[in-house]
Amino acid sequence: MQSGTGFWSVLGSVVASLFGVQSHKNYERDFTKGTFISFAVIGVILVGLFVVSLFMFVKWYAG
């Protein structure tokens, strides 16, 4: 990953985009300096964690 797209930067961008609040400045930085694979991997992991936690919550609540 290049400068400006470290792990925490990518994580923050993915979380912001999942909530739909990504700033235009960060959006441009991500598409000019970032790599697709870093955003895709973190995005898939976060969505997977969300699905698993939702499933666990439903099982606990219905329990």
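Described below are features of the structure shown in this document. Not measured: the values here are computed from a predicted model.

1. Comments concerning the overall build of the chain
For step 1, the next point in the chain: In terms of regular secondary structure, the chain is built from three helices and zero strands.
For step 2, the next point in the chain: What you see for the chain is a C-alpha radius of gyration of 14 Å, clearly larger than the 11 Å of a compact globule of 63 residues, by over 25%.
For step 3, the next point in the chain: The proportion of buried residues among the 63 residues of the chain is 16%.
For step 4, the next point in the chain: Excluding contacts between residues fewer than 6 apart, the proportion of contacts in the chain whose partners are at least 24 apart in sequence is 72%.
For step 5, the next point in the chain: When the accessible surface of the chain is totalled, it reaches about 5,000 Å², and 74% of it is carbon and sulfur.

2. What to know about helix α3 (residues 36-62)
For step 1, the next point in the chain: Given a rise of 1.5 Å per residue, 27 residues ought to cover 39 Å, and the 39 Å separating the end C-alpha atoms of α3 matches this to within 8%.
For step 2, the next point in the chain: Residues of α3 that are buried include every one of Ser38, Phe39, Ile42 and Gly43, and no others.
For step 3, the next point in the chain: Considering only its buried residues, α3 is in contact with α1 (7-19) and α2 (24-33).

3. A closer look at the packing of α1 against α3
For step 1, the next point in the chain: Interhelical geometry of α1 versus α3 gives an angle of 55° and a closest axis separation of 10 Å. It follows from the interaxial angle that α1 and α3 lie oblique. Crossing hand, α1 versus α3: right-handed. On α3, the residues that touch Phe7, Val10, Leu11, Ser13, Val14, Val15 and Leu18 of α1 are Ser38, Phe39, Ile42, Gly43, Leu46 and Val47.
For step 2, the next point in the chain: Of the residues in the contact of α1 with α3, the class split is 10 nonpolar, three polar and no charged.

4. A short note on the side chain of Thr5
For step 1, the next point in the chain: Considering the arrangement of structural elements, one finds Thr5 in the segment before α1.
For step 2, the next point in the chain: Leave out the neighbours within four places in its chain, and Thr5 touches Val10, Arg29, Lys33 and Gly34.

5. Describing α1
For step 1, the next point in the chain: Over its 13 residues, α1 extends 19 Å from the first C-alpha to the last, a length consistent with the 18 Å expected when each residue adds 1.5 Å.
For step 2, the next point in the chain: Restricting attention to buried positions, one finds in α1 the residues Val10, Ser13, Val14 and Ala16. End-on view of α1: buried residues confined to an arc of 165°, all on one side of the axis. Exposed side of α1, more than 90 degrees from the buried face: Trp8, Leu18 and Phe19 are the residues found there.
For step 3, the next point in the chain: For α1, the elements touching its buried residues are α2 and α3.
For step 4, the next point in the chain: Positive phi shows up at Gly20, right after α1, with a value of about 80°.

Procedures and definitions
- Residues numbered from 1 in each chain as written.
- Predicted model: local features only at pLDDT ≥ 70, side-chain atom pairs only at ≥ 80, totals over all residues.
- Heavy atoms only, no water.
- Helix = DSSP H or I, 4+ residues; strand = E, 2+ residues; numbered from the N terminus.
- Rg over C-alpha atoms; globule rule 2.2 N^0.38 Å.
- Buried < 20%, exposed > 50% of the residue type's maximum accessible area, 1.4 Å probe, protein only.
- Contact = heavy atoms within 4.5 Å.
- Areas by Shrake-Rupley, 256 points an atom, 1.4 Å probe, with all protein chains shown as cover.
- Expected span 1.5 Å × (residues − 1).
- Axes fitted to C-alpha atoms, helices over the stretch in contact; angles between N-to-C directions.
- Parallel < 35°, antiparallel > 145°, perpendicular 65-115°, else oblique.
- Left-handed = near helix turned anticlockwise from the far one by under 90°.
- Nonpolar A, V, L, I, M, F, W, Y, C, P; charged D, E, K, R; others polar.
- Arc of directions from axis to C-beta.

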